[in-house]
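The residues making up each chain are set out below.
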Amino acid sequence: TDLSVQISTLQMKNPVMPASGAYDYFEDNADVFPMCTLGAIMLKSVHRYPRPGNKPPRIAEVTGGMLNSIGIPSIGIEEFLNKGMLEHYKTLNVPVVISISGGSPVDYVEICKMLEGNPFIDAIELNLSCPNVGTGLQLASDEVLLGRTVQSVRTVTSFPLIAKLSPNVTDIRKTAKISEECGADAVTVANTYMGMKIDIQTKKPVLGNIMGGLSGPAIKPITLHMVYQAYSVLNIPIIACGGIMCASDAIEYILAGATAVQVGAGNFVNPMLMKEVIEGIDDYLAKNGCQSLSDIRGIANCRK
Ligand code: RRO
């Protein structure tokens, strides 16, 4: 079977990649997980400027998943490029997607100008939806700022552009459609959901940042519906991201309309998960007599 998918000029041999942040530059896991099996590598968001990240604790386990409030600790794009952080990933022979973040549309434009023509990346994911850095950075919850950011970045980059949307909106169809209209080549649906945990002994929020982004199995049915909704209005590919813990979760997303999938929190429970997801999708296609992913993509979607 043919598991390959294409997002603009980004060619992937299969639809599976890590969610941004999940592997934190892959430094910790590169010798554990066979990176060459992936459809693409997705890096942790690099910010326009250096940032220390949020006050600890930054992670908390909750029923059905986990909360993170990492807060984009970053060396900033200039040092990131100067240090040659990208060169290493290219040796893995897998397409590399860089995730970028900023505080304003101008930040994203500046980063994309610096990345233009870079031979070590294959696509750019605009992280427009980090929940952990005050109100300013969740651009994808503001329709005007979202449109302005995608549109202005589009004019300065020739890389495939993926807009990572926020689930913290009332109608994902609107922000998905705005992204498409402003020139995104794909959308990632979606980032983490705003949540919190309180310690009943200390009677205080557990996370240093008080709130954090919820990921894991608890969010999968909600994100699945968002992918389904986005598919009904879009003509560009959707990358599904939210609580994939096994191959069948990924298959549900594809049946809802996803072209590719990202695995985040699941990597921490099962370091081999992404490999199992690739193999599970392959099995499913074979058992259902399908030749390629296009035979099943979106077929559960009666709104299309
Ligand atoms: O670094 C983070 O706290 C973080 C980011 Br940038 C993001 O996009 N999503 C998330 O859950 N955490």
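Residues numbered from 1 in each chain as written. Predicted model: local features only at pLDDT ≥ 70, side-chain atom pairs only at ≥ 80, totals over all residues. Heavy atoms only, no water.

## Observations concerning the site of the ligand
Selection rule: Summary of the distance rule: residues count as near a molecule or strand when at least one heavy atom falls within 4 Å of that molecule or strand. Polar contacts here mean pairs of N or O atoms no more than 3.5 Å apart (in protein, one a potential hydrogen donor and the other a potential acceptor; neighbouring residues in sequence count only if both atoms are side-chain atoms). A 1.4 Å probe and the Shrake-Rupley method give the accessible areas. Residues count as covered only by the protein chains that appear here. Residues are grouped as follows: Ala, Val, Leu, Ile, Met, Phe, Trp, Tyr, Cys and Pro are nonpolar; Asp, Glu, Lys and Arg are charged; all remaining types, including Gly, are polar.
Neighbouring residues of the ligand: Lys44, Asn68, Ser69, Ile70, Gly71, Ile72, Asn127, Cys130, Pro131, Asn132, Asn191 and Thr192. In the model, an oxygen atom of the ligand is placed 3.1 Å from a nitrogen or oxygen of the Ile70 main chain. Considering the ligand on its own, with 310 Å² of exposed area, one finds that the protein chains cover 92% of that surface. A breakdown of the residues in the shell around the ligand according to their chemical character gives 4 nonpolar, 7 polar and 1 charged.

## Brief notes about a nonpolar patch on the surface
Here is the rule: A residue counts toward a patch only above 30% relative accessible area and without a salt bridge, and it is joined to like-charged neighbours within 9 Å or, for Val, Leu, Ile, Met, Phe, Trp and Tyr, to nonpolar neighbours within 5 Å. By definition here, a salt bridge exists when the distance from a side-chain nitrogen of Lys or Arg to a carboxyl oxygen of Asp or Glu is within 4 Å. In this text, helices come from DSSP runs of H or I with a minimum length of four residues, and strands from runs of E with a minimum of two, each type numbered from the N-terminal end. Relative accessibility decides the category of a residue: with a 1.4 Å probe and only protein chains considered, values under 20% of the type maximum give buried, values over 50% give exposed, and everything between is partly exposed.
A grouping of Met196, Ile198 and Ile210 is seen on the molecular surface, where their side chains present a nonpolar patch of about 290 Å² in accessible area. For Ile210, the position within the fold is in the loop between β14 (204–205) and β15 (211–215). Among the residues examined, Ile210 registers a relative accessible area of 47% and is labelled partly exposed.

## Quick word on the environment of Val189
On the secondary structure map, Val189 appears in strand β11 (residues 186–189). Since its relative accessible area comes to 0%, Val189 is described here as buried. The sequence separation of Val189 and Ser166 amounts to 23 residues, and the corresponding C-alpha distance is 7.3 Å.

## Remarks on the sheet that holds strand β12 (residues 193–196)
Heads up, the condition is: Only when DSSP finds a minimum of two bridges between them are two strands counted as paired. Helix axes are fitted to C-alpha atoms over the stretch in contact, other axes to C-alpha atoms as well, and angles between N-to-C directions run from 0 to 180 degrees.
If you walk across this open sheet you meet the 4 strands as β6-β7-β15-β12, and the pairing is antiparallel. The strands lining the two open edges of the sheet, one partner per strand, are β6 (59–62) and β12. Looking at each pair of strands side by side, their axes are set apart by 40° on average, direction ignored. Relative to strand β7 (residues 65–68), β6 is paired through 4 bridges, and the arrangement is antiparallel. Considered in β7, the bridge of Ala60 is made with Leu67.

## Some points on the pattern of salt bridges
Within this structure, the stated rule accounts for 10 salt bridges. A salt bridge links Asp249 to Lys220, with the shortest nitrogen-to-oxygen separation between them at 3.0 Å. With Asp249 in helix α7 (residues 247–256) and Lys220 in helix α6 (residues 220–233), this pair connects stretches of sequence that are 29 residues apart. Residue classification places Asp249 among the buried positions, given a relative accessible area of 10%. For Lys220, a relative accessible area of 11% translates into the label buried.

## Some words on the packing of α7 against helix α9 (residues 273–287)
The following threshold applies: Orientation categories follow fixed angle ranges, with anything under 35 degrees roughly parallel, anything over 145 roughly antiparallel, 65 to 115 roughly perpendicular, and all other angles oblique. By definition, any crossing whose near helix is turned counterclockwise from its far helix by less than a right angle is left-handed, and any crossing with a clockwise turn is right-handed. Working rule for contacts: check all heavy atoms of both residues, and any pair within 4.5 Å makes them a contact.
Packing of α7 against α9 leaves a shortest axis separation of 8 Å and a crossing angle of 60°. Here α7 is positioned oblique relative to α9, judged by the angle of their axes. Seen from above, α7 lies across α9 with right-handed handedness. Along the contact surface, α7 presents Ala247, Ala250, Ile251, Ile254 and Leu255, while α9 presents Glu276, Val277, Gly280, Ile281 and Tyr284. Within the contact of α7 with α9, the residues separate by chemical class into 8 nonpolar, 1 polar and 1 charged.

## Comments concerning the layout of surface pockets
Condition: Note on definitions: the grid is 1 Å and covers protein atoms alone; a cavity is a set of points where a 1.4 Å probe fits but cannot get out; a pocket is an open set with protein on both sides within 12 Å along at least five of seven lines; lining residues have an atom within 4 Å of a point. Grid points are joined across faces, edges and corners, and a volume is the space filled by probe spheres set on the points.
Of the volumes computed, that of the largest pocket is approximately 620 Å³. Lining the largest pocket are 32 residues, and of these Ser20, Gly21, Ala22, Lys44 and Asn68 lie nearest its centre. Among the elements of the structure, β7 and β9 (123–127) are those that each provide at least two residues to the lining of the largest pocket. Within the lining of the largest pocket, the residues separate by chemical class into 14 nonpolar, 14 polar and 4 charged.

## A word on the environment of Ser152
One can find Ser152 in helix α4 (residues 143–154). Owing to a relative accessible area of 23%, Ser152 belongs among the partly exposed residues under this scheme. Placed 45 residues apart in sequence, Ser152 and Asp107 show a C-alpha to C-alpha distance of 11 Å. When neighbours within four sequence positions are excluded, Ser152 is seen to be in contact with Pro105 and Val109.

Function cannot be inferred from these measures alone, as they are strictly geometric.
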